[in-house]
Amino acid sequence: MHGNNIVVEIAEKELAEEDVYKGTVGNIISDKSGIVEKVYVAEGTAVVKKGEIVEKGDILISGVVSNGITTKAGVMGESLDGEGIRYVRADGQIILKTTYIEKTKIPIQKDVISKTGNVEKSYKLKINNCYINLINKVTNFEKYDKITHEKRFSLFGQFETPISLIEESFEEIKVDKVKYTKKQAEELGIVTNNEKLKKKISSNAEKVNYYNKVLENEEYIEVETVVQCLEKTGTYEKIKGN
């Protein structure tokens with residue numbers, strides 16, 4: 001008679017991410033400020049209701065279930081303090097109405113600086129801290145940008161010396177005064193505000209209201225742009241001590 005050998009391999013099951021989460025308890029907190037529009041609770045206890053104002057960091061859905069309130073499973077857990085309190089991993093969805101505001105002031109008249117293309121140069125030889133003027137030209141430009149470039153000499157391309165050539169470039173600039181009409185200033189303010197708001201508002205946000213306010217005085221036009229959106233909010237935060 002011949003015997004049979006049975007080999008049994010035992011391997012630990014790797015827990016999926018959702019399985020790991022089931023062993024944790026926590027709240028859903030707001031990651032932005034706004035007015036509550038919709039509340040859907042899949043697990044836990046709603047802390048806010050429609051119409052309430054919430055700030056970033058406020059608890060929206062609590063991971064504490066008590067006083068006969070059931071969770072998604074519909075069954076109360078074991079009492080932890082004798083009053084039917086149970087801890088869960090809060091889950092659900094909250095929709096907020098958020099408001100974004102940007103303001104920009106556009107001067108009615110402003111200076112615009114541009115380069116004429118005219119350039120004058122001077123050269124100096126620097127030996128340690130001593131300077132020898134080679135071409136010491138004093139610019140005749142009334143307004144200019146000064147650019148200094150220093151090139152150090154070396155021996156055989158390897159050993160630096162204390163000698164360098166300094167080149168100073170004087171680039172002529174001109175200043176023109178530009179005056180905007182009210183319409184031009186307003187349009188520029190709106191474009192500027194929209195660019196700033198684009199960086200703040202999520203691409204998933206649903207825009208439900210948009211308007212501009214314009215304030216005019218002798219020196220500038222101030223444009224205020226207001227955008228209201230409907231956005232999902234909610235970030236998991238573990239309950240301390242659990």
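See the structure printed just above.
Here's a quick rundown of the structure.

Rules used throughout
- Residues numbered from 1 in each chain as written.
- Predicted model: local features only at pLDDT ≥ 70, side-chain atom pairs only at ≥ 80, totals over all residues.
- Heavy atoms only, no water.
- Helix = DSSP H or I, 4+ residues; strand = E, 2+ residues; numbered from the N terminus.
- Buried < 20%, exposed > 50% of the residue type's maximum accessible area, 1.4 Å probe, protein only.
- Contact = heavy atoms within 4.5 Å.
- Areas by Shrake-Rupley, 256 points an atom, 1.4 Å probe, with all protein chains shown as cover.
- Pairing = 2+ DSSP bridges.
- Axes fitted to C-alpha atoms, helices over the stretch in contact; angles between N-to-C directions.
- Core = buried A, V, L, I, M, F, W, Y, C linked by side-chain atoms within 4.5 Å.

What follows is about the overall build of the chain. Regarding its fold elements, the chain presents 2 helices and 15 strands. Residues classed as buried in the chain amount to 28% of the 242 residues present. A separation of at least 24 residues holds for 66% of the contacts in the chain among residues at least 6 apart in sequence. When the accessible surface of the chain is totalled, it reaches about 17500 Å², and 49% of it is carbon and sulfur.

Further remarks concern the sheet that holds strand β3 (residues 45-46). Taken together, the 4 strands give an open sheet; going across it, the order is β3-β5-β1-β15, and neighbouring strands pair in antiparallel fashion. Of all the strands in the sheet, just β3 and β15 (235-238) have a single pairing partner and so form its edges.

Both trends apply: most residues other than glycine have a negative phi, and most peptide bonds are in trans. Of note, the phi angle at asparagine 128 is positive, near 55 degrees, even though the residue is not glycine. Here asparagine 128 shows up in the loop between β9 (109-127) and β10 (130-135).

So, on to the environment of histidine 149. Positionally, histidine 149 belongs in strand β11 (residues 144-155). Separated by 18 residues in the primary sequence, histidine 149 and glutamate 167 have C-alpha atoms spaced 5.2 Å apart. Once residues lying within four places of it in the same chain are set aside, the contact partners of histidine 149 are Leu165, Ile166 and Glu167.

To continue, consider the sheet that holds β10. Strand order in the open sheet formed by 4 strands is β10-β9-β12-β11, and the pairing between neighbours is antiparallel. Of all strands in the sheet, those with a lone pairing partner are β10 and β11, marking the two edges. Strand-to-strand twist in this sheet, taken as the mean axis angle between neighbours without regard to direction, amounts to 35 degrees. Note that β9 and strand β12 (residues 159-179) share 16 bridges and pair antiparallel. Looking across to β12, one finds that serine 122 is bridged to glutamate 168.

The next point concerns the nonpolar core. If you look at soluble globular proteins, the nonpolar side chains tend to sit buried side by side. Counting 9 residues, the largest nonpolar core is built from Ile28, Val36, Val48, Val54, Leu60, Ile61, Ala90, Ile94 and Leu96. Secondary-structure elements contributing two or more residues to this core are β5 (59-62) and β8 (91-107). If we ignore the near neighbours within four places in the chain, the residues touching isoleucine 28 are Asp58, Ile59, Leu60, Ile61, Ala90, Asp91, Gly234, Thr235 and Tyr236. Core analysis: the next-biggest nonpolar cluster, separate from the first, contains 7 residues, Ile106, Ile108, Ile190 and Val223 among them.

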